[in-house]
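Below, each chain spelled out in residue letters.
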Amino acid sequence: MSKLFKVLALTLFAALALSLWLSPATTGQKNKNEVDPEAPPEGAVALAAPTEALTTDMDAKTDDLFNNFGARGTPINECVADAVPPTARGNGRFEDNKFIFEEEETVADGLGPTYNDVGCVTCHQAVDTGAFGQQMEFRAGHLSNGNFVDAPGGQLIHARGTDSDVVEHITTGENVRAFRVVTQALGDGFVECIANQDLQANVNAEPSAQRGTLTAVPITEANNTLRFGRFGWKAQHGSLLSFAGDAYLNEMGITSKFDGFGGRSSSAADAGTHENPATTAEGVIDVTGPPFDPVVDPEDDGGDVIAFADFMAATRAPGRQNPIPAAAVRGDPLFNQVGCAVCHTRTLTTAPAGTVINGGAFTVPAALGDKIIHPFSDFALHDVGTGDGIVQNAGQSTANQMRTAPLWGIRARNRFMHDGLSVNVSETIQRHAGQATAARNAFNALTAAQRADLLAFVLSL
Amino acid sequence: MHHLNIIAKRFHALMLLLLSLAISGCSRNEPANIQAANSQPAEQTAPDAAPQSSPTVTEVNEAVSRIFKQAARVDSASSPNFLAGDFNGDKSTDIAVIVKPVAGKLGEMNQEFPPWILRDPFVPPKPGTPPIRIAENEVLLAVIHGYGPKGWRDPEATQTYLLKNSVGQDLKAQTKTEVANANKGNSSPRLAGDLIGETLQGKSGYLYFDGAQYSWYDPKTFKGEVDARVVHPGMKPNKFDLLHPKFVRAEK
């Protein structure tokens, strides 16, 4: 019996150790949810007080996107010379990176086999390169014992394929379905440079009934070190390289060392589960090799992804409408009064220049450090009654939570909420429930004139 | 037997030790309100709302006044003129009430920024289209979403969808299961909560909440999700790309 007990104990211990070992988020981590504070280097002398970040006027006719991160370079004329991608963050040129962001990919570049679109700018363009788009991403899965489970082959159901045989279809069993409209990326370099502890302090200051949930997500380029997420409808990414690498893989089907799988998906033992597999009429088939996806992995050496990340990092933040209408001026204080600003945080300040962030993989440059920004978001997840039921990398409890949509630049779009199904701001506010119930009711308690002023304020952002 | 008891005690002690290790490992240094990869699965669906008493006319009138003030009232010509159910699937009881604008208050019902969402389930909203209007004496269906355990009776429960062209005959609240059983073999949309079954313009069907609005589900004609949600329709592979020399080489 004593022997039996020892075997039993050993088995239990092994099971526990194995489960901890298999947990990918624990790689190099002291605690699975722990993120490091991101403080300026010791001995750094505080420079002048933080200053307002440069902004774009959200007018494509104005050449005002560059925020001085890195060199600007000159606009690329491909008849004369090709764009040169950077080899490391910050060592490329803005105009080269912008050109690469605007390029259309082909099968020869690794596009597909399944994908959503052919380039970054095809979705991120309204009103200028890097901004909004009306395109929808489609995700699907089903519930099993109350937990969300991805559709076979992955929750992202691509809209396109390089061959009609591999265009994805879902079965009726995948009945948790969500459409998400494109987010905008202008000013995201400033968002990347907000230190973990500043996001945490902001959320901690929210009343408990409205308090958001920060996600701790892996930074691909830092050996999956955890950092607070801030990009994507589920705040599923914490750095622009992780975000861009994921998008290159999942929106265009192009593998790279930043794609979250080491750019090795076609040759990996589990090929067919990572790189854009197709749920077809014949079930999930491996489409990661020839003839559907003939380019050898990694399909990009990482240069394009760094160019995408640095283009976004070098864009100015969306600026206010200019001049600001009188109604918007009147509506400004009402935004705080009714409680919108609790989650739609008006102002955050980026970490000082020199601060090492992204798990040690990026140092805040002078152009992005100590900058005051007005994203109108806390970058945390909330349940406002519109949750799409999809779980990404923050656990089952976040299925019906969505990241607070940053409102900066919102006047440039006319389809709101994550599903794009609200077509004016008034109805968008009425759709807020759950943690936003009190704010919605306070909005409804305003006079008609006050409501109009508050809506004018939102549409001046 | 004594031996087995000792083993059982030791086993329990080990389990407790492992459990405490696991708990301490999960909670150590963990800031509040953070979700990380591999956080423990949690039930996505909250427990069903506690059974509530049947709505009284007084309570329904109070709820309608909460939303519409004096601009609309319960339509006394309809019977039944209210239905309770969890129509948006958030485990908080909602109420659907047949209402009519009060004479002389049409302006309030058609105000530019109303504290409700006015929709026609048969007309998907599109940016830039003129707002739909409410007509005098028009019979409308107001679905007031519940809030918390008190449901639609809660004073905070004001989220309201006001539906045009949605009041027919034989209105009744039906659960997803009831609707599925009644329509076996027919495909259905993703159903968030209970449905409102009725006969509209001679056709039997259901109003259901799709996460953003109320839509009409006719089991006999339903083909799939609405067109407004189609992603990148009509996309075909670029044949020029497929003929790229590098692609052809790789294929061979």
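Residues numbered from 1 in each chain as written. Chains lettered and ligands numbered in written order. Predicted model: local features only at pLDDT ≥ 70, side-chain atom pairs only at ≥ 80, totals over all residues.

Participant: Honestly, the overall build of chain A in this entry has me stumped. Any pointers?
Facilitator: Looking only at helices and strands, one finds 12 helices and 18 strands in chain A. Split into buried and exposed, the 461 residues of chain A put 58% on the buried side. Sequence-distant contacts in chain A: of pairs separated by 6 or more residues, those separated by 24 or more amount to 69%. (Helix = DSSP H or I, 4+ residues; strand = E, 2+ residues; numbered from the N terminus. Buried ≥ 20, exposed ≤ 12 C-beta atoms within 10 Å, placed from the backbone. Contact = placed C-beta atoms within 7 Å.)

Participant: It is not clear to me how the overall build of chain B should be interpreted in this structure. Could you clarify?
Facilitator: Each helix and strand counted, chain B has 6 helices and 11 strands in total. Taking all 252 residues of chain B together, the buried fraction comes to 33%. For chain B, long-range pairs separated by at least 24 residues make up 66% of all intrachain contacts whose partners lie at least 6 apart in sequence.

Participant: What am I meant to see in the confidence of the model for chain B here?
Facilitator: Interpretation of the predicted coordinates at a detailed level should be avoided for regions scoring low in pLDDT. Residues and elements named next belong to chain B. Across chain B, the average pLDDT comes to 77, with 69% of residues at or above 70. Below a pLDDT of 50 lies the segment residues 13-32, which in the model reaches 10 contacts outside its immediate sequence neighbourhood of four places, other chains included. Scored below 50 in pLDDT, residues 37-47 makes 28 contacts in the model with residues more than four places away or belonging to other chains. (pLDDT = per-residue confidence, 0-100.)

Participant: Even after reading the chapter, I still don't get the sheet that holds strand E1 (residues 51-52) of chain A, so can you show me in this structure?
Facilitator: Through backbone hydrogen bonds, the strands of a sheet pair up, either in parallel or in antiparallel fashion. Residue and element names in this part refer to chain A. Sheet architecture is open: 3 strands sit in the order E1-E16-E13, paired in mixed fashion. The open sheet has two edge strands with one neighbour each: E1 and strand E13 (348-349). In this structure, E13 lies alongside strand E16 (residues 371-373), joined through 2 bridges in antiparallel fashion. Its bridge partner being in E16, Thr349 is matched across the sheet by Ile372. (Pairing = 2+ DSSP bridges.)

Participant: When you look at the nonpolar core in this model, what are you seeing that I'm missing?
Facilitator: Here is a general trend for soluble globular proteins: nonpolar side chains tend to be buried in one another's company. Formed by 114 residues in total, the largest nonpolar core has its most connected members in Ala244(A), Val305(A), Phe308(A), Ala309(A) and Val458(A). Counting residues in hydrophobic clusters, the runner-up holds 43 residues, among them Ile98(B), Ile144(B), Ala173(B) and Leu207(B). (Core = buried A, V, L, I, M, F, W, Y, C linked by C-beta atoms within 7 Å.)

Participant: Is there a simple way to explain the confidence of the model for chain A in this structure?
Facilitator: Of all residues in chain A, 88% attain a pLDDT of 70 or more, and the chain-wide mean is 89. Throughout residues 15-31 of chain A the model reports pLDDT below 50, and contacts reaching past four residues in sequence, or to other chains, amount to 23 contacts.

Participant: Mind showing me how you'd approach the sheet that holds strand E10 (residues 203-209) of chain B here?
Facilitator: Residue and element names in this part refer to chain B. In spatial order, the strands read E8-E9-E10-E11; together these 4 strands make up an open sheet with antiparallel pairing. Looking along the sheet, the strands with just one partner apiece sit at the ends: strand E8 (169-174) and strand E11 (214-217). On average, each strand axis in the sheet is tilted by 25 degrees relative to the strand beside it, whichever way the strands run. Taken together, the 5 bridges between strand E9 (residues 195-200) and E10 define a ladder with antiparallel strand orientation. Note on E10: the bridge partner recorded for Thr199 is Ser204. (Axes fitted to C-alpha atoms, helices over the stretch in contact; angles between N-to-C directions.)

Participant: Looking at this structure, I do not really get the pairing of strand E4 (residues 136-144) of chain A. What am I missing?
Facilitator: A regular strand places its side chains on the two faces of the sheet in alternate fashion. Residue and element names in this part refer to chain A. Both E4 and strand E7 (residues 176-181) contribute to a ladder of 6 bridges, which runs antiparallel. Bridging across to E7, Gly141 finds its partner in Val176. Pairing of E4 with strand E5 (residues 147-150), which is carried by 4 bridges, proceeds in the antiparallel orientation. Following the sheet pairing, His142 is matched in E5 by Val149.

Participant: Quick question: what am I supposed to make of the environment of Gly232(A) here?
Facilitator: Residue and element names in this part refer to chain A. Within the fold, Gly232 resides in the loop between strand E9 (225-228) and helix H6 (240-252). Between the C-alpha atoms of Gly232 and Val182, which are 50 residues apart in sequence, the distance is 9.0 Å. If sequence neighbours within four positions are ignored, Gly232 has contacts with Thr183, His237, Phe243 and Arg403.

Participant: Can you help me understand H6(A) in this one?
Facilitator: One turn of an α-helix holds 3.6 residues; hence residues three or four places apart share an orientation. All names here are of chain A. Along its 13 residues, H6 runs 17 Å from first to last C-alpha, staying within 8% of the 18 Å computed at 1.5 Å per residue. Among the 13 residues in H6, 13 count as buried, and that is most of the element. Positive phi shows up at Gly253, right after H6, with a value of about 80 degrees. (Expected span 1.5 Å × (residues − 1).)

Participant: How do you make sense of the packing of helix H2 (residues 94-102) of chain A against helix H7 (residues 303-313) of chain A when you look at a structure like this?
Facilitator: Geometry of a packed helix pair, given as the angle between the helix axes and the separation of the axes. Residues and elements named next belong to chain A. Where H2 contacts H7, the axes come no closer than 8 Å and their chain directions differ by 110 degrees. Put simply, H2 runs roughly perpendicular to H7. Judged by the twist between their axes, the crossing of H2 over H7 is left-handed. Residues Asp96, Asn97, Lys98, Ile100 and Phe101 of H2 form the contact with H7, whose participating residues are Asp304, Ala307, Phe308, Asp310 and Phe311. Looking at the contact of H2 with H7 residue by residue, the class counts come to 5 nonpolar, 1 polar and 4 charged. (Parallel < 35°, antiparallel > 145°, perpendicular 65-115°, else oblique. Left-handed = near helix turned anticlockwise from the far one by under 90°. Nonpolar A, V, L, I, M, F, W, Y, C, P; charged D, E, K, R; others polar.)

Participant: Sorry, what's going on with helix H8 (residues 326-337) of chain A here?
Facilitator: All names here are of chain A. What H8 keeps buried is the set Ala328, Gly331 and Phe335. All buried residues of H8 lie within an arc of 65 degrees about the axis, which places them on one face of the element. In H8, the exposed positions angled more than 90 degrees off the buried face are occupied by Ala326 and Asn336. (Arc of directions from axis to C-beta.)

Participant: Looking at this structure, how should I read unusual backbone geometry?
Facilitator: Generally, phi is negative for residues other than glycine and the peptide bonds are trans, each holding for most cases. The residue after Asp297(A), namely Pro298(A), is reached through a cis peptide bond having omega -5 degrees. Tracing the sequence through the fold places Pro298(A) in the loop between strand E11 (283-285) and H7. In this structure, the amide linkage connecting Ser79(B) to the following residue, Pro80(B), adopts the cis form with an omega of 0 degrees. With respect to the secondary-structure elements, Pro80(B) resides in the loop between strand E2 (72-74) and strand E3 (82-85). The phi dihedral of Ala235(A) is positive, around 50 degrees, even though this residue is not glycine.

Participant: Whenever I open this one, the packing of H8(A) against helix H12 (residues 448-458) of chain A confuses me. Can you help?
Facilitator: Residues and elements named next belong to chain A. Where H8 meets H12, the axes come as close as 7 Å, and the angle between the chain directions of the two elements is 95 degrees. With respect to their mutual orientation, H8 and H12 come out roughly perpendicular. Taken together, the residues of H12 that come into contact with H8 (itself represented by Ala327, Ala328, Arg330, Gly331, Asp332, Leu334 and Phe335) are Gln450, Ala452, Asp453, Leu454, Ala456 and Phe457. Of the residues assigned to the contact of H8 with H12, the class counts are 8 nonpolar, 2 polar and 3 charged.

Participant: What is the right way to look at the environment of Ile100(A) in this model?
Facilitator: All names here are of chain A. Inspection of the secondary structure puts Ile100 in helix H2. A tally of 26 C-beta atoms within 10 Å means that Ile100 is categorised as buried. Between the alpha carbons of Ile100 and Ala126 there is a distance of 17 Å; along the sequence they are 26 residues apart. Setting aside its immediate chain neighbours within four residues, Ile100 contacts Ala83, Pro85, Asp304, Ala307 and Phe308.

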